[in-house]
Number of protein chains: 2
Amino acid sequence: MPRLIDHDQRRNEIAAALRRVVLREGMAAVSVRTVAAEAGWSPSAVRHWFPDQAALVRFAVARTMAEAPARLREVLAAGPSRENAQLLLEQLLPLDDVRRVEMHVWLAAVDPARHDDGFDETRSQMFVALRHVCRTAVARWCDLAPPASVGEVVDAVEQDAAVLHALLDGLALHGVHYPEEATPERIRAVLRHHLEAISTRSRL
Amino acid sequence: MPRLIDHDQRRNEIAAALRRVVLREGMAAVSVRTVAAEAGWSPSAVRHWFPDQAALVRFAVARTMAEAPARLREVLAAGPSRENAQLLLEQLLPLDDVRRVEMHVWLAAVDPARHDDGFDETRSQMFVALRHVCRTAVARWCDLAPPASVGEVVDAVEQDAAVLHALLDGLALHGVHYPEEATPERIRAVLRHHLEAISTRSRL
DNA sequence: GCCGTTACCGTACAACTGTGTTAAAAAGAG
DNA sequence: CTCTTTTTAACACAGTTGTACGGTAACGGC
């Protein structure tokens, strides 16, 4: 057997390089060559680990988004409370560098993906996943029983979740594209304000 | 004097061609050549009307977004009412083809613009303009005096406007990138639900 | 020692890009 | 018709892109 290399780690390194390129120069600057240079390898090395460029960015985007579920699970484990509900939602907002990179890469990838095949599934999965997090957050915030499955839908919660979902993505977009205006504190404040509006209403 | 051509109309034709390319194949497919082909001219013709590619997309994006203010003014002229407030906001959502194209082009242009100079001003202008529309809409919805100027800020309205602004951009993003899930009717319903939540709260 | 498999590199090529230059066509004014 | 300016085309050039191919270096088992 020849030298054995940790495939996953190698690919993660390259994905991290792509992330850095996207963050610094935007998705338009991503190419096999630029990513390879950023990672410190030759373009052929990158080509060795990924069959083509599309697979490269697919993998990198997937890996980038893959860290969020772990954070969500961790917060979820803390048990339901209002603080917890807000904390849950904040995991999906660009409030620190890690989450900012996630959102940035995702937003940069979503638009081109609209015309690439093989990304549609990821896109809609992301949508339903986010929606379900919103459902859970609304339920926890309003002190209701959490939704048992992705399929189970309670109408009142569902409407609030749809609003929250759009609000969340809007805040993410603002945080990434208008960092001066939408600072982490302001984003948090807007989310807080909206959540408190929900509770005020539900007390009627 | 040799043949005189309506410069503005010519440039608008080219901008429209760019719009079509963006809509069909995404911003990544935009080049002097592809736009020229779409418009039915030679690349040199396009180059004759725009000094370089950056100016081309700058102009096309500006022209695309330039149609919204007219719509907003028209709605604003109808005088304040709740229906009117919702209608105002709906002018900034991808509810028909015209508005869908606007949002699509804008979203496709915003991300690359983050790393191009000369677009920052447009970006922040868009932000404050949208925020002000939200302020006005909240004021009209809650039957308050409309804000006199962009500078005048009422705290209670301002917080609601910030939420509404993020919600609006989130809904726009959903409508463009998840057209199956976020249909015009659902987008309208979400907006409606949020606005009614505001009024419920304000009646306390 | 050797060998075979794996990892990586350098180069090459065709396609595309933006952007100049150069020249032809078109059309109103005289 | 001719002249003059605008409009369009054709071409060229350098740069970048994705991807394929041939070769080299490393390493584990014998």
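Cut-offs used in this document
Residues numbered from 1 in each chain as written. Chains lettered and ligands numbered in written order. Predicted model: local features only at pLDDT ≥ 70, side-chain atom pairs only at ≥ 80, totals over all residues. Heavy atoms only, no water. Domains from an automatic or database assignment. Contact = heavy atoms within 4.5 Å. Salt bridge = Lys/Arg side-chain N within 4 Å of Asp/Glu carboxyl O. Buried area = accessible area lost by both parts, 1.4 Å probe. Polar contact = N/O pair within 3.5 Å; in protein donor to acceptor, adjacent residues only side chain to side chain. Helix = DSSP H or I, 4+ residues; strand = E, 2+ residues; numbered from the N terminus. Nonpolar A, V, L, I, M, F, W, Y, C, P; charged D, E, K, R; others polar. Phe/Tyr/Trp six-rings, centres within 6.5 Å; stacked < 30°, edge-to-face > 60°. Buried < 20%, exposed > 50% of the residue type's maximum accessible area, 1.4 Å probe, protein only. Lys NZ or Arg CZ within 6 Å of the ring centre and 35° of its normal.

*Asks:* Would you take a moment to explain the domain arrangement of chain A for this structure?
*Replies:* Reports of interface size often rely on the accessible area that becomes lost once the parts have come together. All names here are of chain A. You can read the domains of chain A as domain 1 (7-62) and domain 2 (66-202). A separation of 27 Å is found between the C-alpha centroids of domain 1 and domain 2. The partner domain 2 presents 11 residues to the 8 residues of domain 1 that form the contact. Scanning the region where domain 1 abuts domain 2 turns up 0 salt bridges.

*Asks:* I would appreciate a short explanation of the interface of chain B and chain A in the present structure.
*Replies:* The interface is formed by 41 residues belonging to chain B together with 41 residues belonging to chain A. For the pairing of chain B and chain A, the buried interface totals around 3600 Å² over both sides, and the portion due to carbon and sulfur atoms is 67%. Here chain B is connected to chain A by 0 salt bridges. Our enumeration of links across chain B and chain A arrives at 8 residue pairs in polar contact (both at pLDDT 80 or more). Contributions of two or more residues to the side of chain B that touches chain A are made by helix H1 (7-25), helix H7 (97-113), helix H8 (120-141), helix H9 (155-177) and helix H10 (184-202) of chain B. For the side of chain B that touches chain A, the element with the highest residue contribution is H9(B), accounting for 14 residues. The residue makeup of the side of chain B that touches chain A, split by class, is 20 nonpolar, 12 polar and 9 charged.

*Asks:* For this particular structure, what's the right way to read the packing of aromatic side chains?
*Replies:* All told, the structure shown has 4 aromatic pairs over all chains when counted by the stated rule. A ring pair is formed by A:Tyr178 and B:Phe127, whose centres lie 4.6 Å apart and whose planes are at 45°; its orientation type is tilted. On the criterion of chain membership, the pair formed by A:Tyr178 in the loop between helix H9 (155-177) and helix H10 (184-202) and B:Phe127 in helix H8 is interchain, its members lying in two chains. Comparing A:Tyr178 with B:Phe127 shows no difference in burial state: the two are buried. Aromatic pair B:Phe50 and B:Phe59: ring centres 5.3 Å apart, planes at 55°, arrangement tilted. Considered together, B:Phe50 and B:Phe59 belong to a single accessibility category, that of buried residues. Residue placement shows A:Arg11 over the ring face of A:Phe59; its charged tip is 5.6 Å from the ring centre. Over the aromatic face of B:Trp141 sits the side chain of B:Arg82, whose NZ or CZ is 4.7 Å from the ring centroid.

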